[in-house]
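Architecture at a glance
So the chains spell out like this:
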Amino acid sequence: MATLELGIGEEVAVTPVRRTRRLGPLFWAAIAWMTFVFVAAALANLLPLLSPTDMDMLERRASMSAQHWLGTDGLGRDELTRLIYGARISLIVGLCAPVIGITIGGALGMLAGYFRGRFETLVVGSMDVLLAFPPLILALAVTAYLGQSILNLTCILGVLGIPAFMRVARAATLTLARREFVIAAQALGATHTRILLRELLPNVFLPLFAFFLLGVAVTIVAEGALSFLGLGVPPPVSSWGSMIGEGRESLEIAPRLAFLPAITMFLTVLSFNLVGDALRALTDPRQGAL
Amino acid sequence: MLGFVARRLLYLVPVLIAVSLLTFLIASLLPGDLAYVILGDQATPEKVEALRHDMGLDQPVWWRYISWLGHVLQGDFGRSFRTGQTVLQAVAERLPVSIELMLLAEIIGLAIGVPLAIACAVRSGSVFDRFMTGTAFGMLSVPAFLSAILLIYLFAVELRWLPATGYVPFREDPTGNLRFLVLPALTLAVAEWPGIMRVLRSDMIATLQEDYIALAKAKGLKASRILFVHALKPSSLTLVTITGINIGRLIGGALIVETIFALPGIGRLLVGAIYTRDLIILQGVVLLVAAGFVLMNFVVDMLYAVLDPRIRHGHA
């Protein structure tokens with residue numbers, strides 16, 4: 001019997017623990033697209049682009065040409081330039097808003113999951129209040145009162161993300177706080193601050209970061225929806241959402257004007273979703289969890 | 001069960017109070033004086049002062065909140081200073097449109113999502129399953145306003161089968177009403193089915209590995225009976241839980257879809273109130289929608305407890 005058990009044990013040990021979780025070509029294609037959009041947006045000022053706001057009334061809805069690679073929009077503005085400048089808005093709002101969410105939500109979630117008790121009840125309760133509002137409705141109402149600007153938009157979408165980040169951080173902290181290494185640290189007399197920052201944070205960070213990427217995708221969509229309704233970034237600044245909204249007017253004559261920003265936005269959102277999901281799957285111990 | 005319902009109901013009270021407080025604070029603390037909005041920029045300071053006094057805007061914030069809440073609890077949400085309509089009238093007029101839209105969307109979403117989920121779960125890991133899971137994942141990245149544009153282009157501009165915008169009430173012209181609602185509902189359903197499919201599929205795969213399913217197979221029951229009668233109900237628990245989240249997304253989606261397709265629903269009322277700075281309507285509608293959303297989530301919780309006895313006995 002003993003040999004048999006040993007045999008099985010060895011066999012298990014020989015089979016590597018490597019699971020079929022390699023990052024496929026799709027993952028790298030997503031990374032490539034994200035890099036491309038990011039670089040184009042960052043270098044928009046340095047690239048030899050036409051102005052995103054200069055109108056050319058003689059060249060309205062011009063098709064693709066050497067001068068206008070992707071043609072011009074309903075006011076004769078260069079479509080490619082506006083797409084690239086639009087990427088700036090989407091990325092600035094899309095990246096900054098979840099930073100607010102991950103910082104405040106992450107901190108609240110970790111504190112709630114570590115200290116428990118009344119503080120946890122208070123945090124979870126107040127998040128329930130925030131979650132009681134359908135997110136887009138709250139975003140619309142607040143932009144209506146505060147006024148439309150990139151800063152306001154980022155802040156509102158950031159605050160709306162706090163409950164979700166709080167839940168992820170709290171759930172991760174709850175399970176981790178009971179693990180041996182935390183108990184060991186407590187036994188060694190480590191302070192709460194040290195346990196939270198040195199023991200828990202490095203472990204909570206990865207699931208939070210995977211969720212951050214999904215948050216970026218959601219925020220880009222939300223910003224797009226608000227701009228599409230004309231309640232996002234004020235004109236003449238171009239944003240993918242407002243470009244799709246403007247393109248809708250000329251769907252019969254030039255469907256390209258709605259579809260170009262739409263495809264760009266779809267690919268970007270899809271990329272963030274793909275990368276976020278791949279990272280989440282890596283950090284999720286349950287195999288094949290959706 | 002009764003104790004469980006009572007506990008959940010009691011929890012609703014502070015949440016609803018906080019929701020009303022937050023709605024009120026957003027409306028009153030942020031810049032933009034209501035009196036100026038009503039009278040316009042040309043108003044003399046005396047006139048503005050007089051109106052502020054009439055409306056009670058010169059009272060302290062906490063007092064205004066208490067008196068507003070008092071009116072709300074008596075069913076008085078105020079009236080629009082633009083149309084003279086009360087908030088409740090405006091909402092009652094538009095609510096049926098939104099509800100019809102969301103119901104249709106949910107029905108289409110379930111009609112696509114549930115069969116696909118079952119088909120994928122039965123052949124999990126097959127080419128079909130992987131293709132559909134991939135498609136669903138891709139569809140999750142398509143925002144409502146994007147699929148709306150695509151559907152309008154396809155069915156209204158190119159094929160000319162359906163109208164792009166407009167609305168007739170169901171009572172006046174049932175087929176016309178449905179024709180106007182197909183595209184908006186389809187738009188919302190495009191965003192709904194991937195979530196339904198993903199959740200149901202993974203739960204279904206787990207259920208199909210249970211012993212009682214093997215027993216049902218051994219008894220020689222028909223595959224369709226096993227899938228729909230034995231496996232569907234225990235697999236739909238997570239689906240019911242996420243319904244609450246779905247409703248929230250559906251309300252947000254309905255807001256965009258109603259604006260695009262010019263449907264006179266709650267979402268359009270809200271967007272219109274924002275454009276015209278009709279703050280009373282805005283405040284009333286936001287409160288009603290949020291309160292309705294909280295109550296719907298409560299109902300979902302209850303439904304969940306009915307489906308799964310472990311929840312109501314407090315050891316889930």
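Procedures and definitions
- Residues numbered from 1 in each chain as written.
- Chains lettered and ligands numbered in written order.
- Predicted model: local features only at pLDDT ≥ 70, side-chain atom pairs only at ≥ 80, totals over all residues.
- Helix = DSSP H or I, 4+ residues; strand = E, 2+ residues; numbered from the N terminus.
- Buried ≥ 20, exposed ≤ 12 C-beta atoms within 10 Å, placed from the backbone.
- Contact = placed C-beta atoms within 7 Å.
- Nonpolar A, V, L, I, M, F, W, Y, C, P; charged D, E, K, R; others polar.
- Core = buried A, V, L, I, M, F, W, Y, C linked by C-beta atoms within 7 Å.
- Expected span 1.5 Å × (residues − 1).

Observations concerning the overall build of chain A
- Along chain A, the regular secondary structure elements total ten helices and zero strands.
- Put simply, chain A runs from its N terminus to its C terminus through helices and strands in the order α-α-α-α-α-α-α-α-α-α.
- For chain A, the residues scored as buried account for 43% of the 290 residues in total.
- Taking the contacts inside chain A whose residues are at least 6 apart along the sequence as the reference set, 69% of them involve residues at least 24 apart.

Focus on the interface of chain A and chain B
- Taken together, the contacts link 33 residues of chain A with 35 residues of chain B.
- Those elements giving two or more residues to the side of chain A that touches chain B turn out to be helix H4 (117-131), helix H5 (135-146), helix H8 (192-228), helix H9 (240-249) and helix H10 (256-283) of chain A.
- When residues of the side of chain A that touches chain B are assigned to their parent elements, the largest contribution, nine residues, is made by H5(A).
- The residue makeup of the side of chain A that touches chain B, split by class, is 28 nonpolar, two polar and three charged.

Some thoughts on the nonpolar core
- Formed by 151 residues in total, the largest nonpolar core has its most connected members in Ile137(A), Ala139(A), Ala117(B), Phe145(B), Leu270(B), Leu282(B) and Val285(B).
- In terms of residues, this core owes the most to one element, H8(A), which gives 18 residues.
- Excluding residues within four positions of it along the chain, Leu282(B) makes contact with Ala141(A), Ala144(A), Leu270(B), Ala273(B) and Ile274(B).

Brief notes about H5(A)
All names here are of chain A.
- The terminal C-alpha atoms of H5, which comprises twelve residues, lie 16 Å apart, in line with the 16 Å expected from a rise of 1.5 Å per residue.
- In terms of burial, H5 is a largely internal element, ten of the twelve residues being buried.
- Of the residues trailing H5, Gly-147 is marked for its positive phi of about 100°.

Topic: unusual backbone geometry
- Despite not being glycine, Arg116(A) shows a phi value in the positive range, around 55°.
- Locating Arg116(A) in the fold gives a position in the loop between helix H3 (79-115) and H4.
- You can call Arg116(A) partly exposed: it has 14 C-beta atoms within 10 Å.
- A positive phi is found at Ala262(B), a non-glycine position, where the angle reads about 55°.

Thoughts on the environment of Ile245(B)
- Position of Ile245(B) relative to the elements: it lies in helix H11 (residues 237-260).
- With 48 residues separating them in the primary sequence, Ile245(B) and Phe293(B) have C-alpha atoms 9.6 Å apart.

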